[in-house]
Amino acid sequence: MIIVRTIDALRAAASSWRRAGKTVALIPTMGALHEGHLSLVRLGQIICDQTIVTIFLNPFQFGKNEDLGSYPSNLAQDTEILKVVGADLLFTPDDKEMYPDGFSTGIIPGPVSKTLCGAFRPGHFRGVATIVTKLLMQSQPDKAIFGEKDYQQLLVIRKISSDLNIPVEIVSAPTEREPDGLALSSRNAYLSPSERSLAPLLYRTLCRAAEEIKAHPETPDEICARADQELRSSGFSSVDYVTLCDSETLENMQFYDRPARLLAAANIGKTRLIDNVQL
Ligand code: PAF
């Protein structure tokens, strides 16, 4: 596996592959790799000739009171894992490489970024959109792969790449889960043993609510409100949202009559968990 820390070296490797007629998959990450990330790398290996994994803890997508300072990181371990999986190139720039002094440009995503996590984490999707656009321009991959656990992020990235005519196919991959249903996430490392045993309730509640909505398509809001209440009364410290949305626009749906996604964000102690299911 080639390891590079500069944009020049990334560009040189990616363009030599392109000149040789190889297709390139990009898998952007913030490190603390788990099986969910590795499933994206394996998908990249199936759909493209070469895979580039990026590890960059992007400060611009964290709010002032969020967990940038405590976000798990272990570059040495991540590097070994990627070698075993067989990624072709690892790009690990530092903050100065990505945001040199005087950096002052941002990509402002449209309405799909304003609701749900966008409403609770102001500036988050601007940070995501900016870094992902930079990574796409720097590596110019044929395909870039993102997990469906961050469903709103996936839609934001699809929209910016289509609005900005970035010549890349955005590919999504299903959420990887623990055997008890908890969606894999680097933030699961924050959970204490008792919080960890409560955490799978988020997915179970979403699955049950989805079945109820299918049976009663006229009352999604009531069903979501009940799910929200169940999470709170079971020990979640707060629930940011449980809501049924149009699966393309993320507009709230008062009636389930078209492809939809049921999405939730809830906190256990200091840990914010997100998850979603398709209807
Ligand atoms: O999903 C993530 O890990 C991050 O938001 C991403 C896409 C790597 C951008 O920093």
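Look up a bit, the structure's there.
The residue numbering used here restarts from 1 in each chain and proceeds along that chain's sequence as written. Per-residue local features of the predicted model are confined to residues with pLDDT of at least 70, and side-chain atom pairs are confined, for both listing and counting, to 80 or more; whole-chain, interface and lining totals are unaffected and use all residues. The side-chain values count all of the structure's non-hydrogen atoms but skip hydrogen atoms and water molecules.

Enquirer: Just to check I follow, could you spell out the nonpolar core for this structure?
Expert: Generally speaking, soluble globular proteins have nonpolar side chains that are buried together. Take the buried residues of types Ala, Val, Leu, Ile, Met, Phe, Trp, Tyr and Cys, join any two whose side-chain atoms come within 4.5 Å, and each joined set is a nonpolar core. Remark: exposure states derive from per-residue accessible area (1.4 Å probe, protein chains only) relative to the maximum for the residue type, with buried under 20%, exposed over 50%, and partly exposed in between. Grouped together as the largest cluster of nonpolar side chains are 39 residues, with contacts concentrated most on I52, L89, F91, M98 and L250. It is helix α6 (residues 124-139) that provides the largest number of residues to this core, a total of 6 residues. With 27 residues, the next largest nonpolar core counts L191, L262, L273 and V277 among its residues. Here a helix means four or more residues in a row that DSSP labels H or I, a strand means two or more in a row labelled E, and each is numbered from the N terminus.

Enquirer: How should I be thinking about the packing of helix α1 (residues 7-19) against α6 in this particular structure?
Expert: How two helices sit against one another is set out by the angle between their axes and by the gap between those axes. With their axes 8 Å apart at the nearest point, α1 and α6 run at an angle of 55 degrees to one another. On the basis of the axis angle, α1 is oblique to α6. Every residue of α6 that contacts α1 at I7, L10, R11, A14 and R18 is listed here: M137, Q138 and S139. Grouping the constituent residues of the contact of α1 with α6 by class yields 4 nonpolar, 2 polar and 2 charged. In this analysis, axes come from line fits to C-alpha atoms, helices being fitted only over the stretch in contact, and the angle between any two N-to-C directions falls in the range 0 to 180 degrees. Relative orientations are named as follows: roughly parallel for angles under 35 degrees, roughly antiparallel for angles over 145 degrees, roughly perpendicular for angles from 65 to 115 degrees, and oblique for any other angle. Whether two residues are in contact is decided by their heavy atoms, any of which lying within 4.5 Å being enough. Ten residues, namely Ala, Val, Leu, Ile, Met, Phe, Trp, Tyr, Cys and Pro, are considered nonpolar, four, namely Asp, Glu, Lys and Arg, are considered charged, and the remaining ones, Gly among them, are considered polar.

Enquirer: Quick question: what am I supposed to make of the pairing of strand β5 (residues 143-147) here?
Expert: In regular strands, side chains alternate between the two faces of the sheet. Buried residues dominate β5, accounting for 4 of its 5 residues. Note on pairing: DSSP must find at least two bridges between two strands before they are called paired. Examined bridge by bridge, strand β2 (residues 24-29) and β5 share 2 bridges and lie parallel to one another. Following the sheet pairing, A25 is matched in β5 by K143. Here 5 bridges tie β5 to strand β6 (residues 169-173), and the two strands are oriented parallel to one another. Among the inter-strand pairings, K143 is bridged to a residue of β6, identified as E169. Regarding topology, helix α7 (residues 151-163) serves as the crossover connection from β5 to the parallel β6, and that connection is right-handed. Look down the strands so they point away from you; if going from the first strand over the helix to the second traces a clockwise path, that crossover is right-handed.

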